[in-house]
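One-letter residues, chain by chain:
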Amino acid sequence: MPSSAAQPQPSSSSSSPAVGVVVRPQQPPEALREHATTAEAAGADELWLWEDCFWAGGLTSSAMALAWTSSIRVGLGLMPVPLRNAALTAMEVAALARAFPGRFLPGVGHGVLDWMGQVGAREASPMTLLREHLDVLAPLLRGERVSADGRYVHLDGVQLDHPPQAVPPLLVGARGPKTLALAGERSDGVILDAGPSPEQVAESVGHTGRAGDPSFQVVVFVPSAVGERARARIDAEAVGWGNHRPATPLVGAPEEVAALVRAYGEAGATSVVLQPVGDGEDALDVVRLAGAAARLI
């Protein structure tokens, strides 16, 4: 079940979501500090990190970004549950939540199944694995003593000695209807990637069963780029990854981007996150664009 003690991070209205930016894992770890401090100085509300194989650890990167900044929220979307023991995930999240109260937004999910197989962690039922992790993570973060004997998760009277004083929202990365429904049943929010349109966001939120629930967070990653070739670079990356051409990339002047962000807010998004192209050509410019759009929102 969702964590009733979770600290929500909603924006002021449905049409005024928070604005964030992703630091793609293609950026080397030593570049993270400049991106994080630039995002905070530019006025972005959130900084998001990925944990894709085999670039950099998401929790390590989150800890560095939080330590190098003072107010921006740092989201990790997402931690693949096949890579982790549920108790260890709770310990790590609790440590960051205690050290940086109200600023860490942890997300979990299936991970890329081919990569999970590559490291020997792919399980026969990803849905069961994710459900069992969600069933124990929330009570552990609330400081409860937890026992579980599921198909994959086995805990015997586990209780955190240092649970977070302000429990962070637990988010789930989801695409398909079944995972979206699971997120609605057992988490505090959902992370939507692959650049859905506002209409697709509304459809996805409908699958969660939490449409209109102000306590349920909806984080949407939308491709973004800066410059004359912005749209072409976004489309080329989408083709390379086998994704559909994004209908509404966040390109143009800050005013244009802010208008699109508001459209996502009307569709149910509580956070809209600008996602730079992986080549990193204009990554810092996208960071500044996120800040400019956030100030307009």
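Reading the values: the criteria
What you see as residue numbers is a count from 1 along each chain, following the sequence as written. The predicted nature of this model means local features are confined to residues of pLDDT at least 70 and side-chain atom pairs, given and counted, to a pLDDT of 80 or more, with totals for whole chains, interfaces and linings taken over all residues. The side-chain figures draw on all heavy atoms in the structure; neither hydrogens nor water molecules are used. Values of pLDDT, the confidence the predictor places in each residue, fall between 0 and 100. Residues are treated as being in contact if the distance between any of their heavy atoms lies within 4.5 Å. Here the term cavity refers to a set of points on a 1 Å grid, laid over the protein atoms alone, in which a 1.4 Å probe fits but cannot get out; the term pocket refers to an open set having protein on both sides within 12 Å along at least five of seven lines, with lining residues being those that place an atom within 4 Å of a point. Grid points are joined across faces, edges and corners, and a volume is the space filled by probe spheres set on the points. Amino acids are sorted into nonpolar (Ala, Val, Leu, Ile, Met, Phe, Trp, Tyr, Cys and Pro), charged (Asp, Glu, Lys and Arg) and polar (every other residue, Gly among them). A run of DSSP states H or I qualifies as a helix once it reaches four residues; a run of E qualifies as a strand once it reaches two. Both are numbered from the N-terminal end. Each residue after the first adds 1.5 Å to the expected span of a helix. Partly exposed describes any residue whose relative accessible area lies between the buried limit of under 20% and the exposed limit of over 50%, with all areas from a 1.4 Å probe on protein chains only and scaled to the type maximum. We call two N or O atoms a polar contact when they sit within 3.5 Å, provided that within protein one can donate a hydrogen and the other can accept it, with sequence-adjacent residues counted only if both atoms are side-chain atoms. The salt bridge definition used is simple: a Lys or Arg side-chain nitrogen within 4 Å of an Asp or Glu carboxyl oxygen. Note that patches include only residues with greater than 30% relative accessible area and no salt bridge, and the join distances are 9 Å for like charges and 5 Å for nonpolar side chains (Val, Leu, Ile, Met, Phe, Trp, Tyr). The protein chains shown are the only cover counted for residues, whose accessible areas, like all others here, come from Shrake-Rupley with a 1.4 Å probe. Strand pairing follows a simple DSSP-based rule, namely that at least 2 bridges must link the two strands. Where helices are involved, their axes are fitted lines through C-alpha atoms of the stretch in contact, as for all axes, and angles between N-to-C directions lie from 0 to 180°.

**Student:** An account of the confidence of the model for the protein chain is requested, with residue identities and associated values reported.
**Tutor:** For the protein chain, per-residue confidence averages 94 on the pLDDT scale, and residues scoring 70 or more make up 95% of the total. This stretch, residues 4–13, has a pLDDT under 50; its non-local contacts, to residues over four places away or in other chains, come to 20 contacts.

**Student:** A description of empty space enclosed by the protein should follow, citing residues and the corresponding values.
**Tutor:** Summed over all chains, the structure comprises four cavities of 30 Å³ or more. Space inside the largest cavity adds up to approximately 110 Å³. Lining the largest cavity we find Val23, Arg24, Pro25, Gln27, Pro28, Pro29, Leu32, Leu49, Trp50, Ala56 and Ser61. Split into classes, the residues belonging to the lining of the largest cavity amount to eight nonpolar, two polar and one charged.

**Student:** Summarise the layout of surface pockets; cite the residues concerned and give the values.
**Tutor:** The calculated volume of the largest pocket comes to roughly 980 Å³. If you trace the largest pocket, you find 35 residues lining it, with Asp52, Val112, Arg175, Asp193 and Ala194 closest to the centre. Contributions of two or more residues to the lining of the largest pocket are made by β3 (73–80), α4 (113–118), β9 (217–223) and α8 (230–241). The greatest single-element share of the lining of the largest pocket, amounting to four residues, is contributed by α8. Residue composition of the lining of the largest pocket, grouped by class: 18 nonpolar, 11 polar and six charged. Its boundaries defined by the atoms lining it, the second largest pocket holds a volume of some 380 Å³. Forming the boundary of the second largest pocket are 15 residues, of which Asp193, Ala194, Gly195, Pro196 and Gln200 lie nearest the centre. Looking at the lining of the second largest pocket, its residues break down into six nonpolar, six polar and three charged.

**Student:** Go over helix α5 (residues 126–141) with me, naming the residues and quoting the values.
**Tutor:** Its 16 residues give α5 an end-to-end C-alpha distance of 22 Å, which sits within 8% of 22 Å, the value for a rise of 1.5 Å per residue. Within α5, 12 of the 16 residues are buried, which leaves it mostly tucked inside the rest of the structure. Those residues of α5 not exposed but buried are Thr128, Leu129, Leu130, Glu132, His133, Leu134, Val136, Leu137, Ala138, Pro139, Leu140 and Leu141. Looking one or two residues past α5, glycine 143 carries a phi angle of roughly 90°, positive in sign.

**Student:** Report on the side chain of serine 204, specifying residues and quantitative values.
**Tutor:** With respect to the element layout, serine 204 can be found in helix α7 (residues 198–208). Its relative accessible area of 15% is what places serine 204 among the buried residues. Excluding anything up to four places from it in sequence, serine 204 contacts Leu180 and Leu192.

**Student:** Requested: an account of the side chain of aspartate 235, with residues and values cited.
**Tutor:** Assignment of secondary structure puts aspartate 235 in helix α8. A polar side-chain atom of aspartate 235 sits 2.8 Å from a polar atom in the side chain of arginine 245. Each residue touching aspartate 235, except ones within four places of it in the same chain, is listed here: Arg245 and Pro246.

**Student:** Talk me through the pattern of salt bridges; I want residue IDs and the actual numbers.
**Tutor:** Tallying each qualifying case throughout the model produces 15 salt bridges. Ionic pairing is found between arginine 73 and glutamate 46, a salt bridge with its closest N-O pair at 3.3 Å. Taken together, the residues span a long stretch of sequence, with arginine 73 in strand β3 and glutamate 46 in strand β2 (residues 46–49) at a distance of 27 residues. Each of Arg233, Asp279, Glu281 and Asp282 takes part in salt bridges that share partners, so that together they form one network.

**Student:** Mind laying out unusual backbone geometry, listing which residues take part and the relevant values?
**Tutor:** A cis geometry characterises the amide bond from cysteine 53 onward to phenylalanine 54, with omega recorded as 5°. You can see phenylalanine 54 is positioned in the loop between β2 and α2 (58–68). Put simply, glycine 77 and leucine 78 share a cis peptide bond, and its omega is 25°. Positionally, leucine 78 belongs in strand β3. One non-glycine residue, alanine 194, lies in the positive phi region at around 70°. Mapping alanine 194 onto the fold places it in the loop between β8 (189–192) and α7.

**Student:** Outline a nonpolar patch on the surface, supporting the account with residue identities and numerical values.
**Tutor:** Taken together, the side chains of Phe54, Leu83 and Val119 make up a nonpolar region of the molecular surface, amounting to roughly 270 Å² of accessible area. Within the secondary structure, leucine 83 is located in the loop between β3 and α3 (86–99). Taking relative accessible area as the criterion, leucine 83 reaches 40% and is therefore assigned partly exposed.

**Student:** Requested: an account of the sheet that holds β9, with residues and values cited.
**Tutor:** Strand-to-strand pairing in sheets goes through backbone hydrogen bonds, with the strands running parallel or antiparallel. Reading around the barrel, the eight strands line up as β1-β2-β3-β4-β7-β8-β9-β10 and close back on themselves, with parallel pairing between neighbours. For this sheet, the mean inter-axis angle between neighbouring strands, taken without regard to orientation, is 25°. The pairing of β2 with β3 spans four bridges and is classified as parallel. Bridged to leucine 47 within β3 is valine 74. Sheet strands in contact with α2 are β2, β3 and β4 (104–109), and its direction is about 175° off that of β3.

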